Every structure is written in structure tokens, then in C-alpha cells.
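Overview (structure and organization)
So the chains spell out like this:
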Amino acid sequence: MPQVSVVIPVYNVGGNLLACLDSVSSQTLSDIEVICVDDGSTDESGRLLDLYAERDKRFVVIHKANAGVSAARNVGIERATAPHIFFVDADDIVEPDACELIAKTFSEDPGLDIIKFSAEPFPKELSNPWLESTITLENQVFDGYSDALLFETNARPFPWNGAYRTSFLRDNHITFPVGLTLGEDQVFSFKTLGRSARTRLMSESLYRYRLSRKNSAMTLVSKRPVERLNKHLDVIDAILEDWRDQGRLDGESGRAMLVFVCSFVMLDILELKKRADRYDLASRFRDILLRYYSVQDMSVLLNEDRLKKPLLSLCSAPTGADVFSRMSIYTVVSSIYGYKAALMRWAGTVRHTVALPYHLMREKLTPDVDYDDVPSMEDAIAELESREIPGNV
């Protein structure tokens, strides 16, 4: 039996796919299986995967109709035979000893459900301080549920800088949320980290996160803020529903989650130029919050928190969305974080100052440059076909 199941969802990633597969194939731990789920690719990714599987029998290729990255990862969870699952995105690079260290860490600490490790973004010129901070972890161990793990460390939001005990995912019926096209990683993170009996964070960097995909879902949707915020509200609804299922809407866990979901969308809603858009999104945000928290709950949980005033102005009265949509973002930032934060936001520097400590930036943000170094699929296939098919792999 393999020690690690590497699950790679694949959809139209171009020639970068070959580098990803090579990095997995060349792992120092040879006892792995690699489950590649071709999610209806139209760029010959499926053909490249089949060619690769001919050359490395540890690779299993599953072709399916397009249903999104969550559905593809779920197929991988279902088909995995190893005791540990490691998710890899198809245009990223895995460090050579990643699987070996994953297997070794689980072996030395059999009570672990989850390992999270650091990663490196590349190319460096496309990175930013928020991203580099978010994927840099410190060595820590958490037994059972911990608010600190969920809300004070960098364990969230990505699934690819971690490995999971297969039985933990299956016993808890944890899968990725099919239907969400943005932010599904956040939902999965709260589901897994919220239920883990033991979680280890590791400072070692085992993964290289590629930033050069101009046509990724995140990049495209970031240019359509109303669509992006509606998708973020879908994410908040899914997270809160699961948080309720875990019984964590009360006490400090309920307060921390309330602060998180507000920071996730509140200021972004107020940044929208059209008041009608602000009103529509504020109304929807209000409806979602009131499905899980009463106004009294919010008032008690937030107590003297500065977030309390703008949030209750939104939720306390039927006209709250109208009142909220008329607020100045600088007034709200000032009331929550102080007047200096409002001034810095006005000056355009807040996203790399206030945003970092208060977790107001959540996306893969990269400089607005025309950077495209994706090799062609034709070149990748030609390169692979030039390699001999070994008699025994």
C-alpha cells in the first residue's frame, strides 16, 4: 500500500502541468500513488496525463466531465488508497522531500489528523507581503479544537499546504463544497481544522505556489467586484452553516467567527462605487447573518468590540441595509480600527498595513502586470513523448 495519495485536480493549466507532474514523480519517497483527476480539460491536459501514466505506473488518471475543482478533489478523496492525502494544484511544484516528510511526521505522531506546512510563492516578483505571510507557518501543535488555530495562525485558507489522514476525512464525511467556484478552500479549512483531534503546523517549506496564471478564477473574478462579493457571501453562508453544525456559534468561537465573516466582506461592500450594489449586497449579508445570529447574540458576543456599532446598524432594523449602504467606508474603518487606519486607507496604503494584522486581505493578490510564462501544451507533450517508456517503473 502506498504511504501518501497525492491528489491533483487538472483543468486547462497548460504546459505547466508537466513541471508539476515531474516534481511529484521525483519525490524521494517512492511509495506513493498519484491520482490525477482530469476535470473535462479542453487543452489536451488529459492526453498529457495519459502519456505520463504510461511512463510512471504510480499515476492513476481519471477523466470526468467538468464539475469544478471541488468535485475533482472529492473524486481523489474517494479513490485514495493511502492512509494520508496530499492535495496539489496542477500548476504548482512540490519540493522533492515533501511526501517523505509527510509520511514521516504522521508515522512519528500517529494521533495527527492534519499537517500544515509552509510554502514559497513564485515568481517572487509577483508575490506580495500578505501572501508570503499567509503561507509561512511556525512550529506548533494543537490538540483538539482551538480558536487560536483557526483564527490566530496561518493554518488557513489553502488545502495544498497540508496533508490529511484519509480516515479522518472519511469518518467525518468531509469533502470540498461542490457548487462554490471561489473560496471553497476556506470552507474546507474550517471543516477540517474545526474537527481535527490533533494538528501540527510545520515551518518547513514543502510546496512552491505558482503566481503566473493570468486566467485563473481568482484573477478573473477579482476584476468583477460585485460577482466576487456575491461568491464570498456564498462562502460565508456555507462556513456559518457548518459552524452551526459543529455547535460553535456561542461563546468565544461564535465571536471569533462573527468578526471573521464581517472582515471578509464588510469593508469591500462599502468600497463599491454604486450605492445600489452596496445596498443589494448589504441586504444579502444581513439576511445571512440573521439566519445564524440574533441581534441580541451579536450584541452580547461583540460586547465592547468596535465592530459592534456598524454591524448592529446593519442588522438591528429592517432599514439597516439602507443605512449601512449610505455609510462612508472611512467612517467605518475609523470606528473599527481608528482614525489613522482611515487616513491610511484614504492614502491607498492600508492594504499592506492595516490589512495584515486584521486579516482584511484574503485573496491571491498580485501586481497588475502582463506576466505569462506558461509553456504551450504542444511543447509539453513533445517533451514528454521524447522520453522513453521504462520497462518497469
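Description of the structure in this document. (Residues numbered from 1 in each chain as written. Predicted model: local features only at pLDDT ≥ 70, side-chain atom pairs only at ≥ 80, totals over all residues. Heavy atoms only, no water.)

Before going further, it helps to examine the state of the cysteines. Counted according to the given criterion, the structure contains 0 disulfides. In this structure Cys 36 is not part of a disulfide, and its nearest cysteine sulfur, from Cys 20, lies 7.8 Å away. The class for Cys 36 is buried, based on a relative accessible area of 0%. (Disulfide = S-S within 2.5 Å. Buried < 20%, exposed > 50% of the residue type's maximum accessible area, 1.4 Å probe, protein only.)

A separate point is the side chain of Ser 118. Its place among the elements puts Ser 118 in strand β6 (residues 114-122). Ser 118 gets classed as buried once you look at its relative accessible area, which sits at 4%. Polar side-chain contacts of Ser 118 include one of 2.8 Å to the backbone nitrogen of Leu 137. From its side chain, Ser 118 meets the backbone oxygen of Ser 203 in a polar contact 3.1 Å long. In contact with Ser 118, not counting residues within four places along its chain, are Ile 135, Thr 136, Leu 137, Met 202, Ser 203, Glu 204, Ser 205, Leu 206 and Tyr 207. (Helix = DSSP H or I, 4+ residues; strand = E, 2+ residues; numbered from the N terminus. Polar contact = N/O pair within 3.5 Å; in protein donor to acceptor, adjacent residues only side chain to side chain. Contact = heavy atoms within 4.5 Å.)

Per the stated rule, a full pass over the model turns up 26 salt bridges. Where Asp 305 meets Arg 255, a salt bridge forms, and the shortest distance between an N and an O atom there is 3.7 Å. In this pair, Asp 305 is assigned in the loop between α13 (295-302) and α14 (308-315) and Arg 255 in helix α11 (residues 251-271), connecting sequence segments 50 residues apart. You can call Asp 305 partly exposed: its relative accessible area is 28%. The closest approach of N and O atoms between Asp 322 and Arg 275, which form a salt bridge, is 2.2 Å. Of this pair, Asp 322 sits in helix α15 (residues 320-325) while Arg 275 sits in helix α12 (residues 275-292), placing them 47 residues apart in sequence. Taking relative accessible area as the criterion, Asp 322 reaches 27% and is therefore assigned partly exposed. (Salt bridge = Lys/Arg side-chain N within 4 Å of Asp/Glu carboxyl O.)

Here we come to the side chain of Gln 27. On the secondary structure map, Gln 27 appears in the loop between α1 (16-25) and β2 (32-39). A polar contact is formed between the side chain of Gln 27 and the backbone oxygen of Ser 23, at a distance of 3.0 Å. With residues near it in sequence (within four places) discarded, Gln 27 still touches Ile 32, Val 94, Glu 95, Pro 96, Asp 97, Ala 98 and Cys 99.

Counting residues in hydrophobic clusters, the biggest one holds 69 residues, and the most contacted among them are Ile 236, Leu 240, Met 257, Leu 258, Phe 285, Tyr 293 and Leu 311. The leading source of residues in this core is α11, at 12 residues. Contacts of Leu 240, omitting those with residues within four sequence positions, involve Leu 249, Met 257, Val 261, Ile 288, Tyr 292 and Tyr 293. Residues Val 13, Leu 18, Cys 20 and Met 377 belong to the second largest nonpolar core, which totals 49 residues. (Core = buried A, V, L, I, M, F, W, Y, C linked by side-chain atoms within 4.5 Å.)

This brings us to the packing of α13 against α14. At a minimum axis distance of 10 Å, the contact between α13 and α14 shows a crossing angle of 180°. Relative to α14, α13 is oriented roughly antiparallel. Where α13 approaches α14, its residues Val 295, Met 298, Ser 299 and Leu 302 are matched on the opposing element by Lys 308, Leu 311, Leu 312 and Cys 315. (Axes fitted to C-alpha atoms, helices over the stretch in contact; angles between N-to-C directions. Parallel < 35°, antiparallel > 145°, perpendicular 65-115°, else oblique.)

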